[in-house]
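Below are the chains, spelled out letter by letter.
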Amino acid sequence: MVKALDESCSIYKGNEGVQAWLDYTSELFEDKQFRASLALLEVLDRHYPDSHDVLGNIGANHLMLREDEQGITYLRRAADLAPKDPIDAWNLGRAYDYAEKPEFADQWYQKALALDSDSARRQRSACIYADFVEKKLHDPKRACELQRVNCPDDKQPACSASK
């Protein structure tokens, strides 16, 4: 598959083909076939080196393989290429969170929330962020405020703890 993709990308130079292959690599990712997804993404990266989508997906695969520093490197490149993309910013925040770098995670989480125009996704993300604020930033008061606005009643532990 890798060889066929490489040959296809060498023949066909248009940007339209990238999305179809990204969809396929996403399916592999969902099936937990991280190495297979990564192999195809690396071919795409050679042919489309400035695609923030390709770089972001490479980063996500590295994170799932517990290769945090490599993942962060790729996610950072993706975020630099698409500074207004809330998903790239969010994924970089998550990566820093999992790598126990809360100061960087907080910066990228906040940026992602500020950029996100999808209100349902932003609310779900803000609820996750509230949990981060409580557990990693150790600010239950602020976490409770965020949870009250963004989380269902049964997902407001900071509010329960502060009572």
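Up top is the structure these notes are about.
What you see is a predicted model; the values in this text were computed from it and never measured. (Residues numbered from 1 in each chain as written. Predicted model: local features only at pLDDT ≥ 70, side-chain atom pairs only at ≥ 80, totals over all residues. Heavy atoms only, no water.)

A. Structural context of the environment of aspartate 106. Mapped onto the elements, aspartate 106 comes out in helix H7 (residues 102-115). Among the residues examined, aspartate 106 registers a relative accessible area of 15% and is labelled buried. In the structure, aspartate 106 is positioned 31 residues away from leucine 137 in sequence and 8.5 Å away in space, judged by C-alpha atoms. If we skip the residues at most four places from it in the chain, aspartate 106 touches Tyr129, Phe132, Leu137 and Arg142. (Helix = DSSP H or I, 4+ residues; strand = E, 2+ residues; numbered from the N terminus. Buried < 20%, exposed > 50% of the residue type's maximum accessible area, 1.4 Å probe, protein only. Contact = heavy atoms within 4.5 Å.)

B. Representation of the state of the cysteines within the structure. Enumeration according to the criterion identifies 2 disulfides in this entry. Shown here is the disulfide that connects cysteine 127 with cysteine 151, its sulfur atoms set 2.1 Å apart. The S-S bond linking cysteine 127 to cysteine 151 shows a torsion near 125°; that makes this disulfide right-handed. Within this pair, whereas cysteine 127 is found in helix H8 (residues 119-135), its partner cysteine 151 is found in the loop between helix H9 (140-150) and helix H10 (157-161), the two being separated by 24 residues in sequence. Just as cysteine 127 is buried, cysteine 151 falls in that class too. Through a disulfide, cysteine 144 is tied to cysteine 159; the S-S separation comes to 2.2 Å. The disulfide joining cysteine 144 to cysteine 159 has a torsion of about 110° about its S-S bond and is therefore right-handed. Taken together, the residues span a long stretch of sequence, with cysteine 144 in helix H9 and cysteine 159 in helix H10 at a distance of 15 residues. Residue cysteine 144 shares its accessibility class with cysteine 159, and that shared class is buried. (Disulfide = S-S within 2.5 Å.)

C. Focus on the packing of aromatic side chains. Evaluated as defined, the whole model comprises 7 aromatic pairs. Where tryptophan 21 meets tyrosine 24, the ring centres are 6.1 Å apart and the plane angle is 90°; that geometry is what we call edge-to-face. A residue pair is termed a helical-turn pair when its members lie 3 or 4 positions apart in one helix, as tryptophan 21 and tyrosine 24 do in helix H2 (residues 16-30) at 3 residues. Under the relative-accessibility criterion, tryptophan 21 is labelled partly exposed at 22%. The exposure class of tyrosine 24 is partly exposed, given its relative accessible area of 31%. Linked through ring pairs, Trp90, Tyr109, Tyr129 and Phe132 together constitute an aromatic cluster. (Phe/Tyr/Trp six-rings, centres within 6.5 Å; stacked < 30°, edge-to-face > 60°.)

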